Amino acid sequence: MERFKGKVAVVTGAGAGIGKACALAIAREGGRVVVADIDGPAAIACTAQIAAEAGQALAVAMDIADAQAVAELFQTAKRRFGGVDVLVNNASAMHLTPHDRAILDLDVAVWDKTMATNLRGTLLCCRQAIPQMITRGGGAIVNMSSCQGLSGDTALTSYAASKAAMNMLSASLATQYGHAKIRCNAVAPGLIMTERLFAKLDECMQRHLHRHQLLPHVGRPEDVAALVAFLLSDEAAFITGQVLCIDGGMLSHVPTYADGGNSAALPAGDAAEAAATSHW
């Protein structure tokens, strides 16, 4: 397929993980991709892989929390490729998550820095992309949210709040610019085993998270990229203003599922015991 032939994409946080997978997926279907990342060498490595597969890409080292850097990013896209048709806002301040604690233990500076990148940075990119999309007759935006933005947790207070706000930002953008033929959706990944996450989670935590999924395998960056590519393509021309979970079913079941709450899946004896002690 060449769903992005003739189209120009900007993907932020595209040096690794989900962002890189999205950039590769778009390039493999004919799109010209501006690969933006705060890690310049990682962005260059991504463009080199795209070039090796006969795609077209440009690496830009920048920080989306910097308004001037964001403006220059989109000026570069316009100067090099003529403008922007699709945007993936994937960049996120993941380096702050180890310090992102419960409310009373949270350093407000972590909150401010998280919001500056995750939420304000996404807004800045949208503000730069929308005028170019209007000039080119429309466009599509995917904002990378998270299941953390749809459920409470004992930590990650700033990250979760930023992603929840991103969901509403996506709905607002879809509402305000739909008549200009600009669509916007948010994607909320669950447990996606990127290289960074694999290095951070020990085996015990991986098992703990995995047992709350409905599917017997973890998600991959390519799984998210496939959904993003669909939402950006003309195949999703009537989909806008939505938050789509891609979490293996992690948020779709009762809280007791992982502890045997789904009695139909238990052996007969265990099911009878669960039913006898149930308050449902």
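Nothing here was measured: the structure is a model prediction, and the numbers come from that model.

(A) Representation of the sheet that holds strand 6 (residues 182-189). Strands sit in the order 3-2-1-4-5-6-7 across an open sheet of 7 strands; the sheet is parallel. Of all the strands in the sheet, the pair left with one neighbour each is strand 3 (56-61) and strand 7 (243-246). In this sheet, neighbouring strand axes are inclined to one another by 15° on average, regardless of whether the strands run parallel or antiparallel. Bridge analysis of strand 6 against strand 7 gives 4 bridges, and the strand direction is parallel. What sits directly across from Ala-186, in strand 7, is Val-243. Relative to the sheet, helix 2 (residues 40-52) contacts strand 2 (32-37) and strand 3, its axis offset from that of strand 3 by approximately 180°. Against the sheet, helix 3 (residues 67-81) contacts strand 1 (8-12), strand 2, strand 3 and strand 4 (86-89), and its axis sits at roughly 155° relative to strand 3.

(B) Expanded view of the packing of helix 3 against helix 4 (residues 108-135). Across the interface, helix 3 lies against helix 4 with an axial gap of 10 Å and an inter-helix angle of 30°. Every pair of crossing elements has a handedness; the one defined by helix 3 and helix 4 is right-handed. Here helix 3 contributes Ala-67, Val-70, Ala-71, Phe-74 and Lys-78 to the contact with helix 4, which in turn contributes Arg-120, Leu-124, Cys-125, Gln-128, Ala-129 and Gln-132. Counted by class, the contact of helix 3 with helix 4 contains 7 nonpolar, 2 polar and 2 charged residues.

Calculation rules
Residues numbered from 1 in each chain as written. Predicted model: local features only at pLDDT ≥ 70, side-chain atom pairs only at ≥ 80, totals over all residues. Heavy atoms only, no water. Pairing = 2+ DSSP bridges. Helix = DSSP H or I, 4+ residues; strand = E, 2+ residues; numbered from the N terminus. Axes fitted to C-alpha atoms, helices over the stretch in contact; angles between N-to-C directions. Contact = heavy atoms within 4.5 Å. Left-handed = near helix turned anticlockwise from the far one by under 90°. Nonpolar A, V, L, I, M, F, W, Y, C, P; charged D, E, K, R; others polar.

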